[in-house]
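# Coordinates in review
Here is how the chains run, residue by residue.
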Amino acid sequence: MVIGTIADTLGRGIEGVTSTVAESFLDPVIRLGVTGLSRAGKTVFITALVANLLDRGRMPGLAAAQSGRIQAAFLQPQPDDTVPRFEFETHLAALTGPAPFWPESTRQVSELRLSLRVQPTGLLSGLSGPRTVHLDIVDYPGEWLLDLAVLDQSYDQWAADALAQAKTRPGGAGYLACLAGLDPAARLQEPRAQALAKAYTEYLTTARAAGFSDYTPGRFLLPGELEGSPVLTFAPLPPSAAPRGSLAREFARRYEAYKSQVVKPFFRNHFARLDRQIVLVDALGAIHSGPPAVEDLRRTMAHILGAFRPGRNRFLTALMGRRIDRILFAATKADHLHHSQHPKLTAIMDALVRDARDRADFAGAQTRAMAIAALRATVEETRTHDGAEVDLVRGTLLEGGKQAAFYPGDLPEDPKALLVPARQGDATWLDADFDVMRFAPARLALKPGEGPPHIRLDSAADFLLGDKLR
Ligand code: GDP
């Protein structure tokens, strides 16, 4: 009894020093990373997941919710005081207000703690009362994972790759033109450095708008609070034997500072502490954009997934004390498709990441592919057209606000029908057309205890968290 009291006091004492959050020291914590490229759907996913964990009426696929084992869920102060809080309330108000709109997308890392009071099952169920499980959700741009590649590259190696890429990508000619007549060995002048970094960023913006997402440095388009700082004011230059104080030497120094002061801290402070990960992918958007976008997405995914195979990188291997043991790859916005096509979207998602998965099984992590919609903006409809039944979805168009029924095209049964032409470098799909329409979020009338409507958010949560809620 006495020992128990001492141990308890000690535990709480340490708790008081390390954290402001009461009672969290002994409670299990799950750190769930949510990532994906820009506009993949991270913000909407986190908002909808948290809303549906707070009100679990639409979560039958999450066993712990269905059985009633989750007795309560509540938001708490997060454990990391210096990380911005995910603006859950603002985003939820946007999605569920009287005139719903899509919230602002992820631009930097943010965090939210949701605590669940869970009644244990099995041997302990009759003996102990409910325990608290903390879910720390960490939202971060997938683009930042691409930076893992630069850790192994010197400035000259990186610049050579970046300049080669610029030769073939939209907008690249504009940046290369800025280099004409430039002497990398000339003395550094800050306005010139800024103009070059700006021109390089403009090229990346153009390339991304054209569907290319495989680029570095990952922060140039999502700088967060680093916007305008010297650590992001550099650009690739051709090789030169430049003296100290020159533009080229300073760019090389800033590139190294970017690696040590931006990239490494992100991996150390955020990535290396994750237990579970969901990677969101706008596969439908890429299919709509055409074969080059699908091939770029496949390549980018392979690079992103490299981060989940720590053996690949020395720095990361040394860092990964814990390991991510479940990774879910989710094709988002599945509400653009009638459910009859969802298995095909899942198969495409699976094929997109299979390459990376086949090479290494993510150090034993369990992985799964799924098609989901974090917020369902459409309803389904079947109509007869020219004597044949057509499966449609209906929703409110983002532009103009009109209701429209929509047929996005027929996804192939075999994902190779998309991935092979993409790999071969085809410019357009040969015999198919895939459309995407931007729907506004639907106006909702939620009953008490019900979260916003979704597709398979409950199955996603069950895969990511279910085993920890037993
Ligand atoms: P982020 O950049 O990854 O944070 O992406 P967001 O979560 O902001 O999503 C980008 C856009 O994708 C949104 O503004 C919506 O237009 C669309 N979107 C995201 N999730 C869904 C969904 O579940 N259904 C539909 N129809 N659209 C979605």
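This one's a predicted model, so the numbers in the text were calculated from it and none came from an experiment.

### Quick word on the overall build of the protein
- A count of helices and strands for the protein gives 15 helices and ten strands.
- Relative to the 2.2 N^0.38 estimate, which gives 23 Å for 470 residues, the radius of gyration of the protein is 24 Å and therefore close to what a compact globule would have.
- The dimensions of the protein, computed from C-alpha atoms along their principal axes, are 80 × 75 × 45 Å.
- In the protein, 77% of the contacts between residues at least 6 apart in sequence involve partners at least 24 apart.
- In the structure as shown, the protein presents an accessible area of about 21,400 Å², 53% of it carried by carbon and sulfur atoms.
- In the protein, 54 side chains carry a positive charge and 53 a negative one; their mean positions are 4 Å apart.

### Observations regarding the site of the ligand
- As a structural note, the neighbourhood of the ligand is formed by 19 residues, with R39, K42, T43, V44 and S105 the closest of them.
- R39 places a main-chain nitrogen or oxygen 2.7 Å from an oxygen atom of the ligand.
- S105 places a polar side-chain atom, nitrogen or oxygen, 2.7 Å from an oxygen atom of the ligand.
- Here the ligand, which alone exposes 580 Å², has 97% of that area covered by the protein.
- Taken together, the residues of the shell around the ligand sort by class into eight nonpolar, six polar and five charged.

### Re the sheet that holds strand β6 (residues 326–331)
- Overall, mixed pairing links the seven strands, which are arranged β2-β3-β4-β1-β5-β6-β7 in an open sheet. Two strands close off the open sheet at either side, each with one partner strand: β2 (70–76) and β7 (366–371). Adjacent strand axes in the sheet meet at a mean angle of 20° when their direction is disregarded.
- As paired elements, strand β5 (residues 276–281) and β6 share six bridges and run parallel to each other. Counterpart to I278 in the pairing with β6 is L328.

### A look at the nonpolar core
- Of all hydrophobic cores here, the largest spans 90 residues; its most connected members are Y175, L237, F267, F271 and F308.
- If one sorts the elements of this core by residue count, helix α9 (residues 247–269) sits on top with ten residues.
- Counting the residues that make up this core, at least three belong to each of domain 1 (2–140 + 271–377 + 443–469) and domain 2 (151–265).
- For Y175, the residues in contact, after removing those within four places along its chain, are L163, L196, A199, Y200, Y203, A235, P236 and L237.
- In terms of nonpolar packing, the next biggest core, distinct from the first, is built from 43 residues, I70, A73, M370 and A460 among them.

### Let's talk about helix α2 (residues 42–54)
- End to end, α2 covers 18 Å across 13 residues, agreeing with the expected 18 Å (1.5 Å per residue, within 8%).
- Burial of α2 is extensive: twelve of the 13 residues sit out of reach of the surface.
- Considered for burial, the residues of α2 that qualify are K42, T43, V44, F45, I46, T47, A48, L49, V50, A51, N52 and L53.

### Description of unusual backbone geometry
- With an omega dihedral of -5°, the bond running from T216 to P217 counts as a cis peptide bond.
- For P217, the location among the structural elements is in the loop between α8 (190–209) and α9.
- The backbone of K333 shows a phi angle near 60°, a positive value even though the residue is not glycine.
- Relative to the helices and strands, K333 resides in the loop between β6 and α13 (342–359).
- By relative accessible area, K333 is classed as partly exposed at 26%.

### Remarks on the environment of T35
- If you trace the backbone, T35 turns up in strand β1 (residues 29–36).
- Taking C-alpha positions, T35 is 24 Å from R58, a pair spaced 23 residues apart along the chain.
- Within the local environment of T35, its side chain forms a polar contact with the backbone oxygen of Y140, the two atoms lying 2.8 Å apart.
- Within the structure, T35 has its side chain in polar contact with the backbone nitrogen of G142 (distance 3.1 Å).

### Structural notes on helix α7 (residues 172–179)
- Those residues of α7 lying buried are G172, Y175 and L179. Projected down its long axis, α7 shows its buried positions confined to an angular sector of 70°, all on one face. Turned more than 90 degrees from where α7 packs its buried face, A173 and A177 sit exposed.
- At its buried positions, α7 is contacted by α6 (155–168) and α8.
- At the exit of α7 stands G181, carrying a positive phi of roughly 80°.

### Regarding the confidence of the model for the protein
- Of the residues in the protein, 91% have a pLDDT of 70 or more, and the chain-wide mean is 89.
- Note on residues 1–23: pLDDT under 50 across the span, and 17 contacts to partners over four residues away in sequence or across chains.

### Side note on the sheet that holds strand β8 (residues 378–385)
- On the basis of which strands lie adjacent, the open sheet formed by three strands has the order β8-β9-β10 and antiparallel pairing. Only two strands of the sheet have a single partner each, and these edge strands are β8 and β10 (403–406). Pairs of neighbouring strands in the sheet enclose a mean axial angle of 35°, with direction left out of account.
- Sheet topology places β8 next to strand β9 (residues 388–396); eight bridges connect them, and they run antiparallel. Of the residues in β9, the one forming a bridge with H385 is A388.

### Re the pairing of strand β3 (residues 110–118)
- Across the nine residues that make up β3, a large majority, eight, are buried.
- When β2 meets β3, the two strands line up antiparallel, connected through six bridges. Its bridge partner lying in β3, A72 is registered against R117.

Cut-off values and rules
- One numbering rule holds for all chains: residues counted from 1, following each sequence as written.
- A pLDDT threshold of at least 70 governs which residues receive local features in this predicted model, and a stricter bar of 80 or more applies before side-chain atom pairs are shown or counted, although totals over entire chains, interfaces and linings include all residues.
- Side-chain measures were taken over the full set of non-hydrogen atoms in the model, leaving aside hydrogen atoms and water.
- To qualify as a helix, a DSSP run of H or I must reach at least 4 residues; to qualify as a strand, a run of E must reach at least 2; elements of each kind are numbered from the N terminus.
- Only the C-alpha atoms count toward the radius of gyration. The rule for a globule is 2.2 Å times the residue count to the power 0.38.
- Should any heavy atoms of two residues lie within 4.5 Å, those residues are counted as being in contact.
- Each accessible area value is a Shrake-Rupley result obtained with a 1.4 Å probe; residue values ignore everything except the protein chains displayed when judging cover.
- For this count, His and the chain ends are skipped, Lys and Arg are scored as positive, and Asp and Glu as negative.
- Each charge is placed at NZ for Lys, CZ for Arg, CG for Asp and CD for Glu.
- For this purpose, a residue is taken to be near a molecule or strand whenever a single non-hydrogen atom of the residue falls within 4 Å of it.
- Two N or O atoms count as a polar contact when they lie within 3.5 Å, although within protein this holds only if one can serve as hydrogen donor and the other as acceptor, and sequence-adjacent residues are included solely when both atoms are side-chain atoms.
- For this classification, Asp, Glu, Lys and Arg are treated as charged, while Ala, Val, Leu, Ile, Met, Phe, Trp, Tyr, Cys and Pro are nonpolar and the rest, including Gly, are polar.
- Only when DSSP finds a minimum of two bridges between them are two strands counted as paired.
- Note on definitions: angles span 0 to 180 degrees between N-to-C directions of axes, and those axes are lines fitted to C-alpha atoms, for helices only across the stretch in contact.
- As used here, the term nonpolar core means buried Ala, Val, Leu, Ile, Met, Phe, Trp, Tyr and Cys residues forming a set that is joined through side-chain atoms within 4.5 Å.
- When a residue's accessible area, from a 1.4 Å probe over protein chains only, is under 20% of the maximum for its type it is buried; when over 50% it is exposed; and in between it is partly exposed.
- Per the annotation, domain bounds derive from an automatic or database assignment of domains.
- To estimate how far a helix should extend, the number of its residues minus one is multiplied by 1.5 Å.
- Here the arc refers to the set of directions running from the helix axis out to each C-beta atom.
- Across the chain, each position has a pLDDT score giving the predictor's confidence in that residue, from 0 to 100.

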